[in-house]
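So the chains spell out like this:
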Amino acid sequence: MSNILSIDTVSKYYGQLKALDGISFEVPENSIFAILGPNGSGKSTLIRVLAGLITSWEGDIFYKNHSIRKKENYTNNFGFIVEDPSFYEYLSAAMNLRILCRLTNSPFARIEEVLSLVDLSDRKDELVSNYSYGMKQRLGIAQALLHDPKILILDEPNNGLDPVGVNQIADIIYKLSHEGKTICISTHSLNEVDRLCTDVAIMKKGRLVIAKDIRGVSSKKRFFRVETFDAKYVLSKIKSLRGLSVLAAQSNSILVSQSVNSIPLTENKTFNKIKSIKSIQIESDLIEYYYV
Ligand code: ADP
Ligand code: MG
């Protein structure tokens, strides 16, 4: 599959702070691409560069081999939600979209399409001020899709949403992916990436840790999070078991990796009987890169 976006040694300084440090990766066309990293890793900065909201930066970014620095109307191909979307709160959702249609020269017929896509057709005539946070997020996506862009880029779309809201956003992303669109989302949630995404770029402190296709990839290790009442005791037990290693330990939470050839920790009867263990959860394979 061809790449729709190429990020080529992009750096960005805020004064002395290097928020992006020579980031390079490719985004395949029609992927659901995650930009994954903890807070402060540079995700929003990269998205703001892409959106043209930051103008002074180094390196280059190519949309289908055209440098976005040349501004050959490339922005028409992008839809963004960079911050919380804003609306005319005292107007209906449909009216908000009509206004944006005029501004972006989009056909009015597109309004019903995007409303249906984000599942707001039934609520389109209500004032936006009466919308829930989740509905506003979806209306924001409708706005970003009005001009029918090829790529939709969402900065932490699930922040502040409850599980129902998160599922609704996932449904929209799947629908768009079926339509052939490329979707980039930033997130700090490994589970979200596992569940939703086809590809991931992992960032840490402004650097790229790894970029990879994660469809159907099986790891040589598996990972568990062990919650304990007595971390010191459980740590000593883990260290005495073969094939296990401790990736990280934070207060009462221990992150353990294990070779896939051994009996999964969750099924190890002697280990499970240790009284000071509260729970053992399976973790994402990506956690390995998160803790480098
Ligand atoms: P993320 O979205 O992954 O949480 P950001 O891109 O927001 O990360 O931030 C990356 C780093 O740049 C952080 O250290 C942050 O404090 C810093 N930063 C972000 N925006 C600014 C700004 N406008 N001025 C100065 N520093 C900033
Ligand atoms: Mg951010």
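1. Quick word on the sheet that holds strand S14 (residues 277-283)
One open sheet holds the 4 strands; their spatial order is S12-S13-S11-S14, and the pairing between them is antiparallel. Each having just a single partner strand, strand S12 (244-250) and S14 make up the two edges of the open sheet. The mean angle between the axes of side-by-side strands here comes to 25°, regardless of whether they run parallel or antiparallel. Contacts between helix H7 (residues 231-240) and the sheet are confined to strand S11 (221-228), S12, strand S13 (253-259) and S14, with S13 contributing the most and set at about 10° to the helix.

2. A look at the sheet that holds strand S10 (residues 207-213)
The 6 strands are arranged S6-S7-S8-S3-S9-S10 in an open sheet whose pairing can be described as mixed. Looking at which strands have only one partner, the edges of the open sheet turn out to be strand S6 (78-81) and S10. Neighbour-to-neighbour, the strand axes of this sheet turn through a mean angle of 15°, independent of strand direction. Here S6 pairs with strand S7 (residues 151-155) via 4 bridges, running parallel. Residue Gly 79 lies in a different strand from S7, and its bridge partner there is Leu 152. Contacting strand S3 (32-36), S6, S7, strand S8 (182-187) and strand S9 (199-204), helix H1 (residues 43-50) runs over the sheet at an angle of about 145° to S7.

3. Considerations on the site of ligand 1
For ligand 1, the full set of nearby residues is Tyr 14, Leu 17, Ala 19, Pro 38, Asn 39, Gly 40, Ser 41, Gly 42, Lys 43, Ser 44 and Thr 45. The separation between a nitrogen atom of ligand 1 and a polar side-chain atom of Tyr 14 is 3.5 Å. Between ligand 1 and the protein, one listed contact pairs an oxygen atom with a backbone N or O atom of Ser 41 at 3.2 Å. If ligand 1 stood free it would expose 560 Å²; the protein chains cover 57% of that surface.

4. Focus on the domain arrangement of the chain
Taken as a whole, the chain is organised into domain 1 (3-213) and domain 2 (221-291). Its C-alpha centre places domain 1 at a distance of 36 Å from the equivalent point of domain 2. Across the contact, 13 residues belong to domain 1 and 8 residues belong to domain 2. Looking at the side of domain 1 facing domain 2, the largest losses of area belong to Leu 190, Asp 194 and Ile 202, adding up to 47% of the total buried there. Across the domain 1-domain 2 interface, the total number found is 0 salt bridges. Our count for the domain 1 to domain 2 interface comes out at 3 residue pairs in polar contact (both at pLDDT 80 or more). At the level of secondary structure, the elements contributing two or more residues to the side of domain 1 that touches domain 2 comprise helix H6 (190-196), S9 and S10. Grouping the amino acids of the side of domain 1 that touches domain 2 by side-chain chemistry returns 8 nonpolar, 2 polar and 3 charged.

Cut-offs applied
Residues numbered from 1 in each chain as written. Chains lettered and ligands numbered in written order. Predicted model: local features only at pLDDT ≥ 70, side-chain atom pairs only at ≥ 80, totals over all residues. Heavy atoms only, no water. Pairing = 2+ DSSP bridges. Helix = DSSP H or I, 4+ residues; strand = E, 2+ residues; numbered from the N terminus. Axes fitted to C-alpha atoms, helices over the stretch in contact; angles between N-to-C directions. Contact = heavy atoms within 4.5 Å. Near = heavy atom within 4 Å. Polar contact = N/O pair within 3.5 Å; in protein donor to acceptor, adjacent residues only side chain to side chain. Areas by Shrake-Rupley, 256 points an atom, 1.4 Å probe, with all protein chains shown as cover. Domains from an automatic or database assignment. Buried area = accessible area lost by both parts, 1.4 Å probe. Salt bridge = Lys/Arg side-chain N within 4 Å of Asp/Glu carboxyl O. Nonpolar A, V, L, I, M, F, W, Y, C, P; charged D, E, K, R; others polar.

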